[in-house]
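# A structural walkthrough
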Amino acid sequence: MASSSSSGLTFKLHPLVIVNISDHYTRVKSQMNPPVTNNGGASDCVGGGGATVAAAPPPPPRVYGCVIGVQRGRTVEIFNSFELLYDPVTHSLDRAFLLKKQELYKKVFPHFYILGWYSTGSDAEESDMHIHKALMDINESPVYVLLNPSINPAQKDLPVTINESELHVIDGIPQLIFVRSSYTIETVEAERISVDHVAHLKPSDGGSAATQLAAHLTGIHSAIKMLNSRIRVLHHYLAAMQKGEIPCENSLLRQVSSLLRRLPAIESEKFQDDFLMEYNDTLLITYLAMFTNCSSTMNELVDKFNTAYDRHTRRGGRTAFI
């Protein structure tokens, strides 16, 4: 694979595509790797000593699908994706299923076109080029979105690469190879709300909304306590430096001065207006919630009175209910 592309295209990737690919891989992996039982059925005896060797875990699965979006001039924007069926024997995609999905998506998103395909893995493989070439009758220059599902705590960038295909002459033979292209993450308001919702999903242990709120507030409280303790340490350090108990460090003083210059930013009139607006909105939502709760309670009470009145009326009573 070449280092970088020379096509000059600008790629914009939406987070919905990353979420779809990750969800597709997670579902397939959970279906292929059932829970391991401890009944010894998955172990092989070695030698006469009775030692057992656990069966090797299966290789991570690879999932495949198409990415759709729009291309405006030299800008390619990938909005969504859908899954595809893959035949590991022929190393090809189910073409009938692909055309059916394309037809369905065309009805919902008439302006979206198939821009390429996606897969998972640490790097592109030789069989990937066969799939890539098979999609060239739908798109002359398809893109290949590759997501690496392996976890690397030291990596700061997203484990997603966008590859294009270029014709290079290798050993006198023209060949198509994958070249990596740079991209940016593009979001719209609906996607930001969805991603925030996914990040704050209800835990699987059945925790209530109140439990989640308590955990959120606890985290904020811990962060404030940590900030307060570090400010105290900095204050004691500067006081000791002023008294001459420790040597003066100009580099640290410059950093402290840069930090203090940001304090007037939260004392400006604009900040106060924005703060009061957010504060009033929060109070308004709280009042609306209280009114809604009160109205619900009143409705339940009225229903009880009506039920009691109906029962008394059917028995021929004459007691009046207010």
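As shown above, the structure is provided for reference.
All of the points below concern the structure found in this document. (Residues numbered from 1 in each chain as written. Predicted model: local features only at pLDDT ≥ 70, side-chain atom pairs only at ≥ 80, totals over all residues. Heavy atoms only, no water.)

### What to know about the sheet that holds strand β11 (residues 173-181)
Note the following rule: The pairing criterion for strands is at least two bridges between them, as found by DSSP. Secondary structure elements follow DSSP: runs of H or I of four or more residues count as helices, runs of E of two or more count as strands, with numbering from the N terminus. Working convention: axes come from line fits to C-alpha atoms, limited for helices to the stretch in contact. Angles between N-to-C directions cover 0 to 180 degrees. We call two residues contacting when some pair of their heavy atoms lies within 4.5 Å.
Spatial ordering of the open sheet is given by β11-β10-β9-β8-β4-β5-β1-β12, a layout of eight strands whose pairing is mixed. The open sheet has two edge strands, β11 and β12 (183-185), and neither has a second partner. The sheet shows a mean angle of 35 degrees between the axes of neighbouring strands, direction not considered. Two elements, strand β9 (residues 143-147) and strand β10 (residues 160-170), share four bridges in a ladder whose sense is antiparallel. Bridged to tyrosine 144 within β10 is asparagine 163. Strands in contact with helix α1 (residues 15-32) are β1 (10-13), β4 (64-72), β5 (75-83), β8 (113-120), β9, β10 and β12; relative to β5, the strand with the most contacts, it is inclined by about 25 degrees.

### Describing the pattern of salt bridges
For clarity, the cut-off: Salt bridges, as used here, are contacts in which a Lys or Arg side-chain nitrogen is within 4 Å of a carboxyl oxygen on Asp or Glu. Relative accessibility under 20% of the residue-type maximum defines a buried residue, over 50% an exposed one, and the middle range a partly exposed one, all with a 1.4 Å probe and only protein chains included.
The full count for this structure, using the stated rule, is six salt bridges. The salt bridge involving arginine 27 is made with glutamate 83; its shortest N-O contact spans 2.1 Å. In this pair, arginine 27 is assigned in helix α1 and glutamate 83 in strand β5, connecting sequence segments 56 residues apart. With a relative accessible area of 32%, arginine 27 lands in the partly exposed category. Arginine 62 is the partner of aspartate 128 in a salt bridge, and the nearest nitrogen-oxygen pair spans 3.1 Å.

### Focus: the packing of aromatic side chains
Which entries qualify depends on this criterion: Aromatic rings from Phe, Tyr and Trp, with only the six-membered ring used for Trp, were paired whenever their centres fell within 6.5 Å, and each pair was classed as stacked if the ring planes differed by under 30 degrees, edge-to-face if by over 60, and tilted otherwise.
Under the definition given, this model contains nine aromatic pairs. Measuring from ring centre to ring centre gives 6.2 Å for tyrosine 64 and tryptophan 117, while their planes differ by 15 degrees; the resulting arrangement is stacked. One end of the pair, tyrosine 64, is in strand β4; the other, tryptophan 117, is in strand β8, with 53 residues separating them in the sequence. Considered together, tyrosine 64 and tryptophan 117 belong to a single accessibility category, that of buried residues. When the centroid spacing of 5.1 Å and the interplanar angle of 10 degrees are considered together, the rings of phenylalanine 109 and phenylalanine 112 count as stacked. Since its relative accessible area comes to 30%, phenylalanine 109 is described here as partly exposed. We classify phenylalanine 112 as buried; its relative accessible area is 18%. Cluster of aromatic residues (ring-pair linked, three or more members): Tyr64, Tyr86, Trp117, Tyr144 and Phe178.

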